Amino acid sequence: MSGRTHSQRFRLHRDSVPKARRHVQATLTRWMLAAVADDAELIISELAANAVQHARGIGEFFEVGLRRRNGVLVLEVSDSYQWQLPKKREADPEDIGGRGLVIVDSLSDNWGVRPRESGKTVWAHLAISGREAASPADLAATQWPCDEA
């Protein structure tokens, strides 16, 4: 079962974060990808929480996208906020927040951000074959036009 795609819109509200998490769990269960569901849920949770926190007031919705192709699950969260694109940084042990992308970085095989016409999409790749890390060749084969910056 390769090549599956699904997306769902959610309101930019904090109540939507657990809804997005449950949606990912249900979708991955239907796709028989329970082995990666916990990591995927946590990644979507962090990305959705960032969208709710930073894009509120910019738009009404964020969108969660799931794609399965070539042994890789691509998780995406798109919103209308583009002024400050997220980037990797070290978490300060004294901060009470700011660890979301550190978690995404540690759970995913790769992640990044790309601007859209109005906003941005933050994406993460998870290997689904035996849950081992995807090889660079697998990840290279999983570049879709929407992954290009």
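Use the structure listed above.
Heads up: these notes are all about the structure in this document. None of these values were measured; they are calculated from a predicted model.

**Here we look at the pairing of strand 4 (residues 110-116)**
As judged from the seven bridges shared by strand 4 and strand 5 (residues 119-127), these two strands associate in the antiparallel manner. Bridge pairing in strand 5 places Pro 115 opposite Lys 120. Between the antiparallel neighbours strand 4 and strand 5 lie two residues.

**What to know about the sheet that holds strand 5**
What the five strands build is an open sheet, ordered 1-2-3-5-4; its pairing is antiparallel. Two strands close off the open sheet at either side, each with one partner strand: strand 1 (4-11) and strand 4. For this sheet, the mean inter-axis angle between neighbouring strands, taken without regard to orientation, is 15°. Along the sheet, helix 1 (residues 16-30) contacts strand 1, strand 2 (61-69) and strand 3 (72-79); its crossing angle with strand 1, the most-contacted strand, is approximately 165°.

**A few points about unusual backbone geometry**
One can expect most non-glycine residues to show negative phi and most peptide bonds to be in trans. With a phi angle near 60°, Met 32 is a residue other than glycine that sits in the positive phi range. Position of Met 32 relative to the elements: it lies in the loop between helix 1 and helix 2 (34-55). Taking the relative accessible area as the measure of exposure, Met 32 reaches 62% and is therefore exposed. At Asn 70, a residue that is not glycine, the phi angle is positive and equals roughly 55°. With respect to the helices and strands, the residue Asn 70 is situated in the loop between strand 2 and strand 3. We classify Asn 70 as partly exposed; its relative accessible area is 39%.

**Overview of the environment of Val 64**
Here Val 64 shows up in strand 2. Sequence spacing of Val 64 and Glu 76 is 12 residues, and the spatial spacing of their C-alpha atoms is 5.5 Å. Leave out the neighbours within four places in its chain, and Val 64 touches His 6, Ser 7, Gln 8, Phe 10, Ala 20, Val 24, Ile 44, Glu 76 and Val 77.

Analysis parameters
- Note that residues are indexed from 1 along each chain, following the sequence as it is written.
- Predicted model: local features are reported for residues with pLDDT of at least 70 only, side-chain atom pairs are reported and counted for 80 or more only, and whole-chain, interface and lining totals are derived from all residues.
- Only heavy atoms go into the side-chain values, all of them from the structure, while hydrogens and water stay out.
- In short, DSSP must find at least two bridges between two strands for them to pair.
- What counts as a helix is a DSSP run of H or I of at least four residues, what counts as a strand is a run of E of at least two, and both are numbered from the N terminus.
- Helix axes are fitted to C-alpha atoms over the stretch in contact, other axes to C-alpha atoms as well, and angles between N-to-C directions run from 0 to 180 degrees.
- Contact definition: two residues touch when any of their heavy atoms are within 4.5 Å.
- Under the scheme applied here, a residue whose accessible area is under 20% of the maximum for its type counts as buried, over 50% as exposed, and between as partly exposed, the area being computed with a 1.4 Å probe on protein chains only.

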